[in-house]
Amino acid sequence: MRIEGVPASAGYAEGPLFDLDRPPAIYASKATSTEEKTSLEAAIGKAVSRLATIVETADSDAAGILEFHIAMLEDDALSGPAFASIASGRTADAAWREALDAEIAGYEASDQDYFRARATDLRDIRDQVLRALTEDGGATAPTGAILCGEDIAPTRFLETDWSHGGGIALKAGSTASHVAMLARSRGVPMVVGLREPLAGLAGMALLDAEHGNIVLAPSPAEIGSFRQSSSSFAARQGKARTFLARPAATRAGTAVRVQVNIADPSDVDGIDIATCDGVGLMRTEFLFGRILPDEETQYRAYRKVLEWAGDKPVTIRTVDAGGDKPVPGFTVEEGNPFLGLRGIRLSLARLDIFRVQIRALLRAAPHGNLRVMFPMIAIADEYERAAALFAEEQAALAARGVAHGMPPLGIMVEVPSVAIAPEAFAGVAFFSIGSNDLMQYVMAAARDNAAVAHLNSVRHPAVLRLIGSVVAFGRDNSIPVSLCGDAGGDPVAIPSLLEAGLRDLSVAPAQLAMAKAAIADVSV
Ligand code: PEP
Ligand code: MG
């Protein structure tokens, strides 16, 4: 049986299915309340040490979340009520569940986003300890397993050992989720939006995350053709790696710049700067985790990336919170967040937060070849107001004698109004096309909704025509145009993008080699 879905991270996995939604094993109650107490203490200890192990290898974004979980687990105020109820005769699992559920209900009832968001953390913590309490040896997936279910939590992804293969198959999920980004950067095959339920499945399966499907109980013929596709994919990847060290060029020798997209400053640790032309997009909203980062934290993050890149350009985007990227304490709750207070709209509404980021960027500028761009620009007034804030903050830094530089200021082209009428933006330093959003706004199909994912193609003539006309406008007005949406790293989309006139792409680091190989195959 084959179930179709949407590819979220390319690759192939063959292995046993592991049901992410399996009910937890039954807790074996103890004879005395002292033993129950010991049992809960041990389970909390196990959950803490498990998290501590993951922190060691996590990037700083993920580590921040996990350290927060550890701190909560070690807080007596959280576990106190559970121990009290054990003392009065409850079993460890019931006491813990009831204590945490009561706490979660309190947070859920809050009218503040920040506290409601913490309910998710508490649920995660509750389940980690319950899992440790009922450990039956079968709760961890066997190596090389295909994890399947409704959705997968980031902690579950991070605690899984992917070094011996395996993959992810989800009924819900989205290609733009945080877990999908992690999967792509670690090369873990992942399919989302499967059209049939996967509950209660077991046995062998074949996950084709290049085309987006999973085959259950495969026949020998299906296994044969799967292995052929899988080894052809591996061969293409191997061949692609030989392109990594060389500058990208088409078959006829036309040079194409290929930069990388990053989110966390630690992303650059695994990239050799010689293999790319710089950073085409640093998404700063991931620095805005649970706590809004102060100026110093941001300055250090930007400076690290600039110093890594040397004289190659680094394009840092001001915070694009909102839409599918909520930030507690910053974004607002809206009925239709993709069309709401997102990106530059939110920054201009919260100047207290925006000015901090602007100062950090101005101070980081002398440490490399910085360019700054604004997300979700729809009208020229937004660009002009943002540019004026840069000028104001620059004057203030100069007056205080603080070292700084003024970077070129450009915009994302991801709202159709800009792509259709770019003439209002003749004064910007550069355009960077955000195909992820441009597609969803042109096709009226939310980028995080698996049910309409088939509509979101950069190769739709409407999207390509807009890209082509932005490139032409840039050429006629000497404004550089690049593209930093995920389509830039998609070998299937690359020929159309070059055909539309683009010569400057920015791609996920894991896509760098494949993108260069795909470019070398294009004759334009
Ligand atoms: C885009 O929209 O294509 C883009 C690069 O930005 P993000 O995916 O962060 O919205
Ligand atoms: Mg975007």
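Provided above is the structure to which this section pertains.
Throughout what follows, the structure given in this document is the object of discussion. The structure displayed is predicted, hence computed values, not measured ones.

So, the coordination of the magnesium ion (ligand 2)
For the magnesium ion (ligand 2), every protein donor is listed as E414 (OE) and D437 (OD), and the spread of their distances is 2.0 to 2.1 Å. Taken together, the positions of E414 in the loop between strand 13 (409–413) and helix 13 (416–420) and D437 in helix 14 (residues 435–443) put the pair 23 residues apart, joining distant regions of the chain.

Notes on the sheet that holds strand 8 (residues 213–216)
Within the open sheet, the eight strands sit side by side as 1-8-7-3-4-5-6-2. Their pairing is mixed. Each edge of the sheet is formed by a strand with only one pairing partner; in this case those strands are strand 1 (2–4) and strand 2 (6–9). Across this sheet, the average inter-strand angle for adjacent strands is 30 degrees, counted without regard to direction. Sheet topology places strand 5 (residues 167–170) next to strand 6 (residues 190–192); two bridges connect them, and they run parallel. Along strand 6, the bridge assignment pairs A169 with V191. Running over the sheet, helix 8 (residues 220–241) touches strand 3 (12–19), strand 7 (204–208) and strand 8 and is turned about 120 degrees from strand 3.

What to know about the pairing of strand 16 (residues 504–507)
Of the two faces of strand 16, the one lined by D504 and S506 and the one lined by L505 and V507 are each fully buried. Strand direction decides the pairing type here: strand 9 (residues 257–262) and strand 16, joined by four bridges, are parallel. When the sheet's bridge partners are listed, V260 is paired in strand 16 with V507.

Some remarks on the packing of aromatic side chains
Pairs of aromatic rings are described using the distance from one ring centre to the other and the angle between the two planes. On inspection of all chains with the given rule, the structure shows seven aromatic pairs. For the ring pair Y12 and F226, a centre distance of 5.4 Å and an interplane angle of 70 degrees mean the geometry is edge-to-face. Here the residue Y12 occupies a position in strand 3, and F226 occupies one in helix 8, the gap between them amounting to 214 residues. Of the residues examined, Y12 reaches a relative accessible area of 13% and is grouped as buried. Put simply, the rings of Y12, F226 and F233 pair up and form one aromatic cluster. Across the ring face of Y299, the terminal group of R363 is positioned such that the distance to the ring centre comes to 4.2 Å. Its end group placed over the ring of F430, R371 keeps NZ or CZ at 3.8 Å from the ring centre.

As for the site of ligand 1
Taken together, 15 residues sit near ligand 1, with R283, R317, N436, D437 and R447 positioned nearest. R283 is positioned with one of its side-chain polar atoms (N or O) 2.6 Å from an oxygen atom of ligand 1. The separation between an oxygen atom of ligand 1 and a polar side-chain atom of R447 is 2.7 Å. Put simply, the parts of the chain that give the shell around ligand 1 at least two residues each are strand 10 (279–283) and helix 14. Looking at the shell around ligand 1 element by element, the count peaks at three residues for helix 14.

Calculation rules
One numbering rule holds for all chains: residues counted from 1, following each sequence as written. Chain labels run from A onward and ligand labels from 1 onward, assigned in the order the entries are written. The predicted nature of this model means local features are confined to residues of pLDDT at least 70 and side-chain atom pairs, given and counted, to a pLDDT of 80 or more, with totals for whole chains, interfaces and linings taken over all residues. Computation of side-chain values: all heavy atoms of the structure, hydrogens and water removed. Water is not part of the atom set, so a site may look incomplete; the donors themselves are N, O and S atoms within 2.8 Å of the metal, or 3.2 Å for Na, K and Ca. For the purposes of this entry, the term helix denotes a DSSP run of H or I that reaches at least four residues, the term strand denotes a run of E that reaches at least two, and both are numbered from the N terminus. Strand pairing is assigned whenever DSSP identifies at least 2 bridges connecting the two strands. Between N-to-C directions, angles cover 0 to 180 degrees, with each direction set by a line fitted to C-alpha atoms, over the stretch in contact for helices. Residue contacts follow a heavy-atom distance rule, with two residues in contact if any of their heavy atoms lie within 4.5 Å. Throughout this description, buried means an accessible area under 20% of the type-specific maximum (1.4 Å probe, protein chains only), exposed means over 50%, and partly exposed covers the range between. Aromatic rings from Phe, Tyr and Trp, with only the six-membered ring used for Trp, were paired whenever their centres fell within 6.5 Å, and each pair was classed as stacked if the ring planes differed by under 30 degrees, edge-to-face if by over 60, and tilted otherwise. When the NZ atom of lysine or the CZ atom of arginine is within 6 Å of a ring's centre and also within 35 degrees of its normal, the charge is said to sit over that ring. For each residue, the test is whether any non-hydrogen atom lies within 4 Å of the molecule or strand; if one does, the residue is near. A 3.5 Å cut-off defines polar contacts: any pair of N or O atoms within that distance qualifies, except that in protein one atom must be a possible hydrogen donor and the other a possible acceptor, and neighbouring residues in sequence count only when both atoms are side-chain atoms.

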